[in-house]
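Here are the chains, one letter per residue:
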Amino acid sequence: MNKTSSFSPRALICDIDGTITDKSRRINLDSVSVIRTLIDNDIPVIFASGNTVCSLTFLCKMVGTDGTIISENGGVYRIGFAGELKICGDKDVSITAYKRLQDYFQKKGVSLELYSPEYRFADVAFAHTGDADEVREVVKDLPVKILDSGFALHIMSDYVNKGTTFLKVSKEIGISPDNFIAIGDSSNDIELIKNAGLGVAVGGGQKSAAEAADYVSLKKFGDGFSESVRKYFPSLF
Ligand SMILES: O=C(O)COP(=O)(O)O
Ligand SMILES: [Mg+2]
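Analysis parameters
- Residues numbered from 1 in each chain as written.
- Chains lettered and ligands numbered in written order.
- Predicted model: local features only at pLDDT ≥ 70, side-chain atom pairs only at ≥ 80, totals over all residues.
- Heavy atoms only, no water.
- Near = heavy atom within 4 Å.
- Polar contact = N/O pair within 3.5 Å; in protein donor to acceptor, adjacent residues only side chain to side chain.
- Areas by Shrake-Rupley, 256 points an atom, 1.4 Å probe, with all protein chains shown as cover.
- Nonpolar A, V, L, I, M, F, W, Y, C, P; charged D, E, K, R; others polar.
- Domains from an automatic or database assignment.
- Pairing = 2+ DSSP bridges.
- Helix = DSSP H or I, 4+ residues; strand = E, 2+ residues; numbered from the N terminus.
- Axes fitted to C-alpha atoms, helices over the stretch in contact; angles between N-to-C directions.
- Contact = heavy atoms within 4.5 Å.
- Phe/Tyr/Trp six-rings, centres within 6.5 Å; stacked < 30°, edge-to-face > 60°.
- Buried < 20%, exposed > 50% of the residue type's maximum accessible area, 1.4 Å probe, protein only.
- Lys NZ or Arg CZ within 6 Å of the ring centre and 35° of its normal.
- Core = buried A, V, L, I, M, F, W, Y, C linked by side-chain atoms within 4.5 Å.
- Expected span 1.5 Å × (residues − 1).
- Arc of directions from axis to C-beta.

Chemist: Let's hear about the site of ligand 1: which residues, and what values?
Modeler: Neighbouring ligand 1 are Asp15, Ile16, Asp17, Ser49, Gly50, Asn51, Ser149, Ala152, His154, Lys162 and Asn188. The contact in question runs from an oxygen atom of ligand 1 to an N or O atom on the backbone of Asn51, over 3.5 Å. Separating an oxygen atom of ligand 1 from a side-chain N or O atom of Ser149 is a distance of 2.5 Å. Relative to its free-state accessible area of 280 Å², ligand 1 is covered by the protein chains to the extent of 97%. In terms of residue class, the shell around ligand 1 is built from 2 nonpolar, 6 polar and 3 charged. A domain-level breakdown of the shell around ligand 1 finds at least three residues from each of domain 1 (11-87 + 160-236) and domain 2 (91-157).

Chemist: Tell me about the sheet that holds strand β8 (residues 153-157), residues and numbers included.
Modeler: Either a parallel or an antiparallel arrangement is found when strands of a sheet pair, and the pairing is made through backbone hydrogen bonds. The sheet built from 3 strands is open, its strands ordered β6-β8-β7 with antiparallel pairing. In this open sheet, the two edge strands, each paired with only one partner strand, are β6 (124-126) and β7 (144-148). Averaged over all pairs of adjacent strands, the angle between strand axes in this sheet comes to 20°, irrespective of strand direction. Both β7 and β8 contribute to a ladder of 5 bridges, which runs antiparallel.

Chemist: Tell me about the sheet that holds strand β3 (residues 69-71), and name the residues and values.
Modeler: Reading across from one edge, β5-β4-β3-β2-β1-β9-β10-β11 is the order of the 8 strands in this open sheet, with mixed pairing throughout. Of all the strands in the sheet, just β5 (86-87) and β11 (215-220) have a single pairing partner and so form its edges. Note that strand β1 (residues 11-14) and strand β9 (residues 180-184) share 4 bridges and pair parallel. By the bridge assignment, Ile13 is partnered in β9 with Ala182. Relative to the sheet, helix α3 (residues 53-63) contacts β2 (45-48), β3 and β4 (76-78), its axis offset from that of β3 by approximately 150°.

Chemist: An account of the packing of aromatic side chains is needed here, citing residue identities and associated values.
Modeler: Evaluation of the coordinates by the stated rule reveals 4 aromatic pairs. Taking 6.0 Å as the distance between ring centres and 75° as the angle between the ring planes, the aromatic pair formed by Tyr215 and Tyr232 counts as edge-to-face. Taken together, the residues Tyr215 in strand β11 and Tyr232 in helix α9 (residues 221-232) connect sequence positions 17 residues apart. Of the two residues, Tyr215 and Tyr232, both sit in the buried class. The ring of Phe81 carries Lys61 above its face, with NZ or CZ at 4.0 Å from the centroid.

Chemist: Can you lay out the nonpolar core for me, pointing to particular residues and giving the numbers?
Modeler: Most often, soluble globular proteins keep nonpolar side chains buried together rather than apart. Ranked by size, the top nonpolar core spans 30 residues in total, and within it Leu12, Ile20, Phe47, Ile181, Ile183 and Phe225 carry the most contacts. Of all the secondary-structure elements, those providing two or more residues to this core are β1, α2 (29-40), β2, α3, β9, β10 (198-203) and α9. Per-element accounting of this core gives the leading share, 5 residues, to α3. When residues no more than four places from it in sequence are discounted, the contact partners of Ile183 are Leu12, Ile13, Cys14, Asp15, Thr19, Val200, Val202, Phe225, Ser228 and Val229.

Chemist: Which residues make up helix α6 (residues 162-173), and what values go with them?
Modeler: The terminal C-alpha atoms of α6 lie 16 Å apart, and with 12 residues this matches the ideal 16 Å at 1.5 Å per residue to within 8%. Listed in full, the buried residues belonging to α6 are Lys162, Gly163, Thr165, Phe166, Val169 and Ser170. Across the axial projection of α6, the buried residues extend over an arc of 155°, all falling on one side. Where the residues of α6 are buried, they touch β1, β2, β3, β4, β9 and α7 (190-195). You can read the cap of α6 off the contacts: a side-chain oxygen lies 2.8 Å from the backbone nitrogen of Gly163, and it is on Asn161. Downstream of α6 by one or two residues, Gly174 has phi in the positive range, about 75°.

If you want it as structure tokens, here you go:
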């Protein structure tokens, strides 16, 4: 039997945009219901997203998780609502890169739209402006990387990703990464998908995520998430 059919997870870590939402970021109500079932059966659920700590905290409260989160694509994490915020990336270097990009695009008559800069601890996120590769070229000598989540471009310290921060979180909470199922949709989920016992990419997401995954859902986005959770936690549904 291969891993995809025999795997029996103890915990779930999942992305948000594109994974428990639709393409336009509207939350998938069935995905919320599926997550509630896990929580009510004492299965830990952790959100790992490019979004900010404050937006993830709100989502955790509304959905009913214990508040453990990875945000800013691994740049920040926290164990439980009351845990200390741990910052893994260097925001200064992201800001330096952003200023250079701002100059570059201003000369082309394009102004960049920042996403909630006042709530970010480690990365800089902005609206898609031109091609991610063009952005990468402008800052290629700086110790940053440009992540394209499909919803925003993120400038982050080059050593930060959701997968390495996931390893820290799993150590702190005492659940091996091998016991997790990880579900995502984009290139910012690749390391997460690879570091978990079983990595899933939802249908309709970026090709790079699907290539990193052990299983790709038949359904798309939030519907694919719900399908995958039902598949790997069959006794709960
Ligand atoms: O913040 C983004 O760009 C996308 O967030 P995600 O990691 O939840 O998909
Ligand atoms: Mg996503």
